[in-house]
Amino acid sequence: MGCDGGTIPKRHELVKGPKKVEKVDKNAELAAKWKYCALSQEKLRRPIVACELGRLYNKDAVIEYLLDKSAERPNSEVAVHIRGMKDMKELNLTDNPEWEGERRNAKGDRYEDMHCAMFICPVVGLEMNGKHRFCYLQTCGCVFSDRALKEVKTEICHKCGDPFQEEDIVVLNGTKEDVEKLRGKMEEKRAKAKAKKSKKSKAAETVSKPSDSKAVAGPSGSSSSSKEAKSSTSTATKRSIQHMDEKSEAFKSLFTTHSSAKRTKEQTSNWVTHTPYHF
């Protein structure tokens, strides 16, 4: 079978060697991190948020993940550390004026620069395409290049003017070492918040305990609260009896036999009846 027509096959056609490992282009991989959502693998579109580890996400993808974490997703392990939207920060990005959108090369008749980014640094103008190191501030969400933060040192945001500290700077899509540092920083921050919350709950419990009404025992063995209850009931019964007596007296006064209907001696006049008889 085969080799008809006098063809002579070569060795590489008959013997199958080991498969070559496909190498991923590092530049393409870096560009994908800055153009696609880390969770849904869809193209990044506003509103764009970032986690405490510096990964970029579409906000709607994170909301869908939080609503249903059991659903199957292609890259759900990157969002395990996300507990809620409080762990995310919406980014204040600066548009690149040279970015023409997705339809810039619809005809395919011109060169398309794959490294052209949607956003740039507002201070030095570097493109956010993975070639340069970028950071965002946890206080306001503004994004700058690392070069801008190092060259123009300040404690006020270059874009919005909000104050920040060095601890508020988070590296976007950093190296493994950067991610490990950010993870340790995140865990330490959450541990402090948890301890602070437990202290507040304990303080609230200690404040609420003395406010509880407790019965204080008197010398005769009965509590002060029971004495107060008895005194209040006795006064209430006395008032009700007095009210009933007043009602009964008013009812009795309607009759002539009542003491109020009887006249005193001063009120009664001396009637002298004189019946003359004429004979």
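Looking up the protein in an unreviewed UniProt entry gives the name Replication termination factor 2, with the organism given as Myripristis murdjan. Under Sequence similarities (unreviewed entry), UniProt gives the following word-for-word description of the protein: "Belongs to the rtf2 family."

A few words on the pairing of strand β6 (residues 134-137). Burial along β6 is two-sided: Phe134 and Tyr136 and Cys135 and Leu137, pointing in opposite directions, are all buried. Pairing geometry for β6 and strand β7 (residues 143-145), over three bridges, is antiparallel. Bridged to phenylalanine 134 within β7 is serine 145. With antiparallel pairing between neighbouring strands as the criterion, β6 and β7 make up a hairpin whose turn holds five residues, including glycine 141 at a positive phi of roughly 90 degrees. By the bridge criterion, four bridges tie β6 to strand β8 (residues 169-172) in an arrangement that is antiparallel. The residue bridging leucine 137 from the neighbouring strand is isoleucine 169, located in β8.

On to the layout of surface pockets. If a probe as big as a water molecule is rolled over the atoms, it shows which places are left empty. Taken as a whole, the largest pocket encloses approximately 540 Å³ of empty space. Looking at the largest pocket, it is lined by 20 residues, and the ones nearest its centre are Cys135, Asp146, Leu149, Glu166 and Ile169. Elements that contribute at least two residues to the lining of the largest pocket include exactly α4 (146-151), β8 and α5 (176-208). Considering every element that reaches the lining of the largest pocket, the biggest residue donor is α5, with four residues. Its residues assigned to classes, the lining of the largest pocket comprises seven nonpolar, three polar and ten charged. A volume near 440 Å³ is recorded for the second largest pocket. What lines the second largest pocket is a set of 20 residues, and nearest its centre among them are Lys33, Ala38, Arg55, Val78 and Asn173.

Note on soluble globular proteins: their nonpolar side chains tend to be buried together. In terms of nonpolar packing, the biggest core is built from 45 residues, with Leu39, Leu56, Tyr57, Leu91, Phe134, Val143 and Leu172 touching the most fellow members. Considering each element in turn, this core owes the most residues, four residues, to β6. Sequence-distant contacts of valine 143, that is, excluding residues within four places in its chain, are made with Leu91, Asn92, Leu93, Pro122, Met128, Phe134, Cys135, Tyr136 and Leu172.

Before going further, it helps to examine the sheet that holds strand β1 (residues 48-50). Spatially, the three strands line up as an open sheet ordered β2-β1-β3, and their pairing is antiparallel. At either margin of the open sheet sits one strand with a lone partner, and together these are β2 (56-58) and β3 (89-90). Here β1 runs beside β3; their pairing, made up of two bridges, is antiparallel. Across the sheet, residue alanine 50 finds its bridge partner in β3, namely lysine 89. Against the sheet, helix α3 (residues 59-67) contacts β1, β2 and β3, and its axis sits at roughly 80 degrees relative to β2.

Conventions used here
Residues numbered from 1 in each chain as written. Predicted model: local features only at pLDDT ≥ 70, side-chain atom pairs only at ≥ 80, totals over all residues. Heavy atoms only, no water. UniProt positions renumbered as here; feature names shortened; annotations may be inferred. Buried < 20%, exposed > 50% of the residue type's maximum accessible area, 1.4 Å probe, protein only. Helix = DSSP H or I, 4+ residues; strand = E, 2+ residues; numbered from the N terminus. Pairing = 2+ DSSP bridges. 1 Å grid on protein atoms, 1.4 Å probe; cavity = no way out; pocket = protein on both sides within 12 Å on 5 of 7 lines; lining within 4 Å. Points joined across faces, edges and corners; volume = space filled by probe spheres on them. Nonpolar A, V, L, I, M, F, W, Y, C, P; charged D, E, K, R; others polar. Core = buried A, V, L, I, M, F, W, Y, C linked by side-chain atoms within 4.5 Å. Contact = heavy atoms within 4.5 Å. Axes fitted to C-alpha atoms, helices over the stretch in contact; angles between N-to-C directions.

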